[in-house]
Amino acid sequence: MTAIAEPTWAPGLGSRIRWGISDTLTLTKRSLLVWLRVPAYLVFTVIQPVMFVLLFRFVFGGAIPVKSPGGYVNFLLPGIIAQTAAFSTFGTAIVLAQELKKGVIDRLKSMPIARSAVLTGRLVADTGRMLITILIIVAVGYAVGFRFLNGAGLAVAMVVLATVFGVSIACISAFTGLAIGDEESVQAFGLIWIFPLTFVSSAFVPIATMPGWLQAFANNQPVTYVVNTMRAMALGGPIAANLWKSLAWIAGIFIVFVPLAVRAYRRAA
């Protein structure tokens, strides 16, 4: 008896892309529904950066002399926004570690969905949450005296740069969340590297006021380049040099940590 070969069919590239986008949007919706059902999570996500704005504006602002147009509040807000973008990625690492530990990622990997959708869905959802938080911080900044002095177009560009920077940091967080796999350890590790990176920068004080040995690091790290670019976009001043350095750092982070995050996801069990 002659065996009848079963027909084989493989979806084309266009079909795979459409399915990948559809699966990504489905998992993005899943992540957003979780946040909507736990409003305390969103509230605490917003409260921390708002507290930083108010503390630095009204408690420390009078003791920190700056030469920026509009005073310290205009100097401060771009730094707070960059810090908010970076700190928002704590959620990426913690949730991925939780889902890995509970076996959720294993269940998702066993389903007939695009393998990339678990990571991309999480990053898209976190990007949306990050953008909403940044816009809230801008609104709070306006309430306490911050003003864009360089036009609406560059104001939008500043928000876009902050968001793209935050997404690059989210890739680092995705890798650490999947590689470490324990939410408490992930949170502790995040504090170790994100806090120094944001505070030892031009975000809150002029770098010239720091000790000389610390200035070398502060002047040559990504947060400083991003904050200086955002500050120039908001208030005026040279943009190009710091913008290219910011984009180079962001591109480097993507190039290094996207493959690492994908590898950690594939190894997750």
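What you see is a predicted model, and the numbers here were worked out from it, not measured in a lab.

Chemist: Got a minute to help me understand the overall build of the chain in this structure?
Modeler: Helix and strand counts for the chain stand at 11 helices and 0 strands. When the helices and strands of the chain are read in sequence order from the N terminus, they spell out α-α-α-α-α-α-α-α-α-α-α. Dimensions along the principal axes, computed over C-alpha positions, put the chain at roughly 90 × 35 × 35 Å. Counting every position in the chain, which comprises 269 residues, the buried fraction comes to 47%. If you take every contact in the chain between residues at least 6 apart in sequence, the share linking residues at least 24 apart comes to 79%. Carbon and sulfur atoms form 70% of the exposed surface of the chain, whose accessible area is close to 13700 Å². Side chains of the chain carry 20 positive and 8 negative charges; the gap between the two charge centres is 12 Å.

Chemist: Sorry, what's going on with the environment of Val-258 here?
Modeler: With respect to the secondary-structure elements, Val-258 resides in helix H11 (residues 240–267). Spatially, the C-alpha atoms of Val-258 and Thr-127 are 15 Å apart, while their sequence positions differ by 131 residues. The residues touching Val-258, leaving out its near neighbours within four places in the chain, are Cys-171 and Ile-253.

Chemist: Help me understand the nonpolar core, please; the structure alone is not making it clear to me.
Modeler: For soluble globular proteins, the rule of thumb is that nonpolar side chains tend to be buried together. With 54 residues, the main nonpolar core has Ile-81, Ile-134, Met-158 and Met-230 as its most contacted residues. When contributions to this core are tallied by element, the ones reaching two or more residues are helix H2 (39–60), helix H3 (72–87), helix H4 (90–102), helix H6 (117–143), helix H7 (152–180), helix H8 (183–199), helix H10 (222–235) and H11. Setting aside chain neighbours within four positions, we find Ile-134 in contact with Ile-81, Ala-85, Val-159, Ala-162 and Thr-163. Core analysis: the next-biggest nonpolar cluster, separate from the first, contains 16 residues, Leu-108, Ala-117, Leu-178 and Ala-261 among them.

Chemist: I'm lost on the pattern of salt bridges in this one. Help?
Modeler: Think of it this way: side chains of opposite charge can pair up when their charged atoms draw near. If you walk through the whole model with that rule in mind, you get 4 salt bridges. In this structure, Glu-99 engages Arg-122 in a salt bridge whose closest nitrogen and oxygen atoms are separated by 3.5 Å. In this pair, Glu-99 is assigned in helix H4 and Arg-122 in helix H6, connecting sequence segments 23 residues apart. Assigned by exposure class, Glu-99 and Arg-122 land together as buried. Across the pair Asp-126 and Arg-129 runs a salt bridge, and its minimum N-O distance is 3.6 Å. Note that Asp-126 and Arg-129 are positioned in helix H6 at a spacing of 3 residues, about one turn of the helix. Through salt bridges that share partners, Arg-30, Glu-99 and Arg-122 make up one connected network.

Chemist: Even after reading the chapter, I still don't get the packing of aromatic side chains, so can you show me in this structure?
Modeler: Geometrically, a pair of aromatic rings is defined through the distance of the ring centres and the angle of the planes. By the definition in use, this model includes 13 aromatic pairs. For the ring pair Tyr-142 and Phe-146, a centre distance of 5.9 Å and an interplane angle of 85° mean the geometry is edge-to-face. According to the relative accessible area criterion, Phe-146 is buried, its value standing at 0%. Seen in terms of ring centroids, Phe-146 and Phe-148 are 5.0 Å apart; in terms of plane orientation they differ by 75°. Their pairing is edge-to-face.

Chemist: Can you help me understand the side chain of Ser-201 in this one?
Modeler: Considering the arrangement of structural elements, one finds Ser-201 in the loop between H8 and helix H9 (212–218). By relative accessible area, Ser-201 is classed as buried at 0%. At a separation of 2.5 Å, a polar atom in the side chain of Ser-201 contacts the main-chain carbonyl oxygen of Thr-198. Within the structure, Ser-201 has its side chain in polar contact with the backbone nitrogen of Ala-203 (distance 3.2 Å). If we skip the residues at most four places from it in the chain, Ser-201 touches Ile-207, Met-210, Ala-218, Gln-221, Val-223 and Thr-224.

Chemist: So what exactly am I meant to see when it comes to the packing of H4 against H6 here?
Modeler: How two helices sit against one another is set out by the angle between their axes and by the gap between those axes. Two numbers describe how H4 lies on H6: the axes approach to 10 Å, and their chain directions differ by 145°. Considering how the two elements wind past one another, H4 and H6 form a crossing that is right-handed. Here H4 contributes Gly-91, Thr-92, Val-95, Leu-96 and Glu-99 to the contact with H6, which in turn contributes Leu-119, Arg-122, Leu-123, Asp-126 and Arg-129.

Here is what the cut-offs are and how they apply
Residues numbered from 1 in each chain as written. Predicted model: local features only at pLDDT ≥ 70, side-chain atom pairs only at ≥ 80, totals over all residues. Heavy atoms only, no water. Helix = DSSP H or I, 4+ residues; strand = E, 2+ residues; numbered from the N terminus. Buried < 20%, exposed > 50% of the residue type's maximum accessible area, 1.4 Å probe, protein only. Contact = heavy atoms within 4.5 Å. Areas by Shrake-Rupley, 256 points an atom, 1.4 Å probe, with all protein chains shown as cover. Lys, Arg positive; Asp, Glu negative; His and termini not counted. Charge placed at Lys NZ, Arg CZ, Asp CG, Glu CD. Core = buried A, V, L, I, M, F, W, Y, C linked by side-chain atoms within 4.5 Å. Salt bridge = Lys/Arg side-chain N within 4 Å of Asp/Glu carboxyl O. Phe/Tyr/Trp six-rings, centres within 6.5 Å; stacked < 30°, edge-to-face > 60°. Polar contact = N/O pair within 3.5 Å; in protein donor to acceptor, adjacent residues only side chain to side chain. Axes fitted to C-alpha atoms, helices over the stretch in contact; angles between N-to-C directions. Left-handed = near helix turned anticlockwise from the far one by under 90°.

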